[in-house]
Amino acid sequence: MSMNFTRQLSEMSASELNDAIDDTNFPQAHILSRGRNNSVCSTSSASGITPLMDRTLSQTDEVPNVVGTTTASGNVNSASAGVGAVGNALSNDGVITSPPVAFTRPKLMLKTNGIIPEHEAEAPMTPKTPRTSTTPGHEHCTFHHDLELDHKPPTREALLPELSRSYRLLLSGLGENPERQGLLKTPERAAKAMLFFTKGYDQNLEDVLNGAVFDEDHDEMVVVKDIEMFSMCEHHMVPFYGKVSIGYLPCNKILGLSKLARIVEIFSRRLQVQERLTKQIAVAVTHAVQPAGVAVVIEGVHMCMVMRGVQKINSKTVTSTMLGVFRDDPKTREEFLNLVTSK
Ligand SMILES: Nc1nc2c(ncn2[C@@H]2O[C@H](COP(=O)(O)OP(=O)(O)OP(=O)(O)O)[C@@H](O)[C@H]2O)c(=O)[nH]1
Ligand SMILES: [Zn+2]
């Protein structure tokens, strides 16, 4: 079933959104894999949901559908769908804690070369720092290249003079006079603005997290929703903006709440496409706390579709990535979608 986005998002139920996501496979489904028997995060079990650990995986098993990404565009006038969240505690800052989701959760584990090493599978609580590069200056990166999660060394300020010259050329190319009073400082201002819009290239996950990962016996869904996002479309170098909702199911580790928003900043402040941004955020949260699952939904407005091109001023693009239990368990996914679409 494909999602019909000619309807307004506000008219759609969470289960309809859920179905649409369920039917979409993302081609990079091999990137994440579930842990083995000894990498289980257990919770009290009261529901009739089939324990995911009943599925046996060999060490080299590929797990299809672990990563799911959905994109949908359409005319959406309301940011929130009219679906009520039942029984959830919502605090003023938009942080939601749900009632317990009662079943045995396999913990998400990251592969380095498509295989989970035995010693990693046996020590699920040990922080993992998979590295796929020995490039000088990147030895301390927590991850590298696999999903273009790389960052550049913090030397981008050095680009300012050349960027300024480029903007000056641009002004001349437009037929403007870069020497006129109003434009004298414009090349440098524009260069600084562009460096700000792409400051995520200077950041990496490890620095941004600043150690704010805490051991906590909390295994209920954590959702931070409506995180503002400003990014730059890599096709036209014009902005796209919107809001990001992130949910994860902890496995004895929780993340400082602000760090979810900071993760959004790392990856949105780069030249992007919305699909990749969505996936990178989900993978970064996985790296940070090795949860049982991560869900990310982004609703974005692309100025390249508003100010130019097809000029559809009400169009919004919705993308999602569902990892682990959010991918495998429709009830968990639906609970998340209920939470993020409720007022
Ligand atoms: N999938 C995806 N596409 C994007 C994103 N941002 C911009 N695009 C698209 O990139 C495409 C580039 O298409 P081209 O035909 O090469 O460029 P164009 O002539 O400027 O296209 P139009 O925008 O249709 O005028 C357009 O369809 C844009 O809508 C994004 O985040 N994700
Ligand atoms: Zn664009």
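Residues numbered from 1 in each chain as written. Chains lettered and ligands numbered in written order. Predicted model: local features only at pLDDT ≥ 70, side-chain atom pairs only at ≥ 80, totals over all residues. Heavy atoms only, no water.

**Digging into the overall build of the protein chain**
Our working rule: Secondary structure follows DSSP: runs of H or I at least 4 residues long count as helices, runs of E at least 2 residues long count as strands, and numbering of each begins at the N terminus. Note on classification: 1.4 Å probe, protein chains only; a residue is buried when its accessible area is under 20% of the maximum for its type, exposed when over 50%, partly exposed between these limits. The contact definition used throughout considers only heavy atoms, calling two residues in contact when any of these lie within 4.5 Å. Using a 1.4 Å probe, accessible areas were evaluated by the Shrake-Rupley method; residue-level cover was limited to the displayed protein chains.
Looking only at helices and strands, the protein chain has ten helices and 14 strands in total. The buried share of the protein chain, taken over its 343 residues, is 52%. For the protein chain, the share of sequence-separated contacts (at least 6 apart) that also reach a separation of at least 24 residues comes to 76%. For the protein chain, the accessible area works out to roughly 16,000 Å², and carbon and sulfur atoms hold 53% of it.

**What to know about the side chain of histidine 302**
Our working definition: N or O atoms closer than or at 3.5 Å make up a polar contact, with two conditions inside protein: a donor-capable atom paired with an acceptor-capable one, and, for residues adjacent in sequence, both atoms drawn from side chains.
With respect to the helices, strands and loops of the structure, histidine 302 is situated in strand β13 (residues 293-302). There is a polar contact of 2.8 Å between the side chain of histidine 302 and the side chain of glutamine 274. Aside from chain neighbours lying at most four places away, what touches histidine 302 is Pro239, Phe240, Gln274 and Thr317.

**Quick word on the coordination of the zinc ion (ligand 2)**
Rules: Atoms of type N, O and S within 2.8 Å of a metal are treated as its donors, and for Na, K and Ca the window is 3.2 Å; water is not considered, so some sites may appear to be missing partners.
Listed as protein donors to the zinc ion (ligand 2) are Cys233 (SG), His236 (ND1) and Cys304 (SG); their distances from the metal cover 2.0 to 2.3 Å. For histidine 236, a relative accessible area of 35% corresponds to the partly exposed category.

**Digging into the environment of alanine 191**
Position of alanine 191 among the secondary structure elements: in helix α4 (residues 186-197). Separated by 31 residues in sequence, alanine 191 and leucine 160 have C-alpha atoms that sit 6.1 Å apart. Those residues in contact with alanine 191 that sit more than four places away from it in its chain are Leu160, Leu163, Ser164 and Tyr167.

**Quick word on the packing of helix α6 (residues 257-268) against helix α7 (residues 274-289)**
Put simply, the rule reads: Only the contacting stretch of a helix is used when fitting its axis, a line to C-alpha atoms as for every element, and angles between N-to-C directions run 0 to 180 degrees. Just so you know how the angles are binned, under 35 degrees is roughly parallel, over 145 roughly antiparallel, 65 to 115 roughly perpendicular, and the rest oblique. Crossing chirality is assigned from the near helix's rotation relative to the far helix, an anticlockwise turn below a right angle marking it left-handed and a clockwise turn marking it right-handed. Under the scheme applied, nonpolar residues are Ala, Val, Leu, Ile, Met, Phe, Trp, Tyr, Cys and Pro; charged residues are Asp, Glu, Lys and Arg; polar residues are all the others, including Gly.
Running from N to C, α6 and α7 point in directions that differ by 135 degrees, and their axes come no closer than 9 Å. The pairing of α6 with α7 is recorded here as oblique in orientation. Relative to α7, the crossing made by α6 is right-handed. Residue-level contacts link Leu260, Ile263, Val264, Phe267 and Ser268 of α6 to Leu277, Gln280, Ile281, Ala284 and Val285 of α7. Looking at the contact of α6 with α7 residue by residue, the class counts come to eight nonpolar, two polar and no charged.

**Describing unusual backbone geometry**
A positive phi angle, near 70 degrees, is found at asparagine 252, a position not held by glycine. Summarising the element assignment, asparagine 252 is placed in the loop between β10 (239-249) and β11 (253-255). A positive phi angle, near 50 degrees, is found at glutamine 311, a position not held by glycine.

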